[in-house]
Amino acid sequence: MSFLRLNAVMAACLLAQVLQAEAKSFSILGAEEMSAPQDVAFRPPISSAALAGPAVAGPVRKEIEFNTILPPGSILVRTSERKLYFVLPGGKAMVYQVAVGREGFAWSGTNTITRKAEWPDWRPPAEMISREAKAGHVIPVFVKGGEANPLGARALYIGSTDYRIHGTDKPKTIGFASSSGCIRMRNEDVIELYGLVSTGAKVVVE
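Notes on the structure follow. This is a predicted model, so every value here is computed, not measured.

### Quick look at the sheet that holds strand β8 (residues 164-166)
Then step 1. In space, the nine strands of this open sheet follow the order β1-β4-β3-β2-β11-β6-β7-β8-β10, with mixed pairing throughout. The open sheet is flanked by β1 (62-65) and β10 (183-184), the only strands paired with a single partner.
Then step 2. Sheet analysis places strand β2 (residues 75-78) next to strand β3 (residues 83-88), joined by four bridges and oriented antiparallel. Among the inter-strand pairings, Val77 is bridged to a residue of β3, identified as Leu84.

### Re the environment of Ala106
Then step 1. Relative to the assigned elements, Ala106 resides in the loop between β5 (100-101) and β6 (109-118).
Then step 2. The sequence separation of Ala106 and Ser180 amounts to 74 residues, and the corresponding C-alpha distance is 7.8 Å.

### Concerning the packing of aromatic side chains
Then step 1. Under the criterion given, the structure shown has two aromatic pairs.
Then step 2. Ring geometry for Phe66 and Tyr85: centres 4.6 Å apart, planes at 15°, overall stacked. Here Phe66 is found in the loop between β1 and β2, whereas its partner Tyr85 is found in strand β3, with 19 residues between them in sequence.
Then step 3. Judged by relative accessible area, Phe66 falls into the buried class, the value being 8%.
Then step 4. With a centroid separation of 4.5 Å and an interplanar angle of 10°, the aromatic rings of Trp107 and Tyr163 are classed as stacked. Of this pair, Trp107 sits in the loop between β5 and β6 while Tyr163 sits in the loop between β7 (154-158) and β8, placing them 56 residues apart in sequence.
Then step 5. Tyr163 gets classed as partly exposed once you look at its relative accessible area, which sits at 25%.
Then step 6. Here the basic side chain of Arg154 rests over the ring of Tyr194, its NZ or CZ set 5.4 Å away from the ring centre.

### Regarding unusual backbone geometry
Then step 1. In this structure, Arg82 takes a positive phi of about 60° despite not being glycine.
Then step 2. Relative to the assigned elements, Arg82 resides in the loop between β2 and β3.
Then step 3. Positive phi, normally seen in glycine, also occurs at Trp119, with a value near 40°.
Then step 4. Among the structural elements, Trp119 can be located in the loop between β6 and α3 (126-134).

### Describing helix α4 (residues 187-196)
Then step 1. Residues of α4 that are buried include every one of Asp189, Val190, Leu193 and Tyr194, and no others. Buried residues of α4, seen end-on, are gathered within an arc of 135° and therefore sit on one face of the element.
Then step 2. Lining the buried residues of α4 we find β2, β3, β4 (92-97), β6, β7 and β8.

### Considering the pairing of β4
Then step 1. Burial within β4 is extensive, with five of its six residues counted as buried.
Then step 2. Where β1 lies against β4, four bridges are found, and the strand directions are antiparallel. Residue pairing for β4: Glu63 is matched across the bridge by Met94.
Then step 3. Adjacent in sequence and paired antiparallel, β3 and β4 are bridged by three residues, among which Gly90 carries a positive phi angle near 75°.

### Some details on the pairing of strand β11 (residues 202-205)
Every other side chain in a regular strand lies on the same face of the sheet, so the side chains alternate between the two faces.
Then step 1. Here β2 runs beside β11; their pairing, made up of three bridges, is parallel. The partner of Val77 across the bridge, within β11, is Val205.
Then step 2. Pairing between β6 and β11: four bridges, direction antiparallel. Along β11, the bridge assignment pairs Asn111 with Val203.

### A few points about the nonpolar core
Then step 1. If you look at the biggest cluster of nonpolar residues, it comprises 24 residues, and the most contacted ones within it are Ile75, Leu84, Ile165 and Leu193.
Then step 2. Among the elements of the structure, β2, β3, β4, β7, α4 and β11 are those that each provide at least two residues to this core.
Then step 3. If we ignore the near neighbours within four places in the chain, the residues touching Leu193 are Ile75, Leu84, Phe86, Tyr96, Leu156, Ile165 and Met185.

### Section: the pattern of salt bridges
Then step 1. For the structure on display, the rule yields 10 salt bridges.
Then step 2. Residue Asp189 is joined to Arg61 by a salt bridge in which the shortest nitrogen-to-oxygen separation is 3.3 Å. Residue Asp189 is found in helix α4, and its partner Arg61 is found in the loop between α2 (48-51) and β1; the two are separated by 128 residues along the sequence.
Then step 3. Assessed through its relative accessible area of 1%, Asp189 is described here as buried.
Then step 4. Arg154 is paired through a salt bridge with Glu118; the nearest N and O atoms lie 4.0 Å apart. Taken together, the positions of Arg154 in strand β7 and Glu118 in strand β6 put the pair 36 residues apart, joining distant regions of the chain.
Then step 5. The network of salt bridges with shared partners includes Arg102, Glu127, Arg131 and Glu132.

Thresholds applied
- Residues numbered from 1 in each chain as written.
- Predicted model: local features only at pLDDT ≥ 70, side-chain atom pairs only at ≥ 80, totals over all residues.
- Heavy atoms only, no water.
- Pairing = 2+ DSSP bridges.
- Helix = DSSP H or I, 4+ residues; strand = E, 2+ residues; numbered from the N terminus.
- Phe/Tyr/Trp six-rings, centres within 6.5 Å; stacked < 30°, edge-to-face > 60°.
- Buried < 20%, exposed > 50% of the residue type's maximum accessible area, 1.4 Å probe, protein only.
- Lys NZ or Arg CZ within 6 Å of the ring centre and 35° of its normal.
- Arc of directions from axis to C-beta.
- Contact = heavy atoms within 4.5 Å.
- Core = buried A, V, L, I, M, F, W, Y, C linked by side-chain atoms within 4.5 Å.
- Salt bridge = Lys/Arg side-chain N within 4 Å of Asp/Glu carboxyl O.

Given below as structure tokens:
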């Protein structure tokens, strides 16, 4: 084998190694970038089954034609769609993309909005603190309202339950089954909804 041919073979081998390393790096980076977002703070990992669903990339807030027997001012949450509908007069509604309860924490029912709060403090229920402690996650007993608060910019309290319709400090979880049962919205969306909803408004989660 000539010297020039030997150099050509060595160069080809080196190029193949570089391309293989780059491909490996790309595949790892791609997997991280394309994996479904998960709200892991203070919560166990979300199963792939719970993350699967009709999530929509980007905000979907808009006014639509909407037929329902619910009176104007009511809220309808369709968990399978990951959407919240605020009923307007004239057969219309505002629709928002939301996050819903992850596997084992989803629920349905009818209730009312009993309280509204701006930049609410967060006091997680004792049951949640105990449950997460068993899973090795430490939850603070109190988090002051603000941008780093899990309840986000606004909260609408549902009946006497621990459930709320609220904002979030993790907007990438919107569109997925990622909460502990609350209905989670982007802060800009929940601020708008907060201005539309009255205390006593009917809430239906299905």
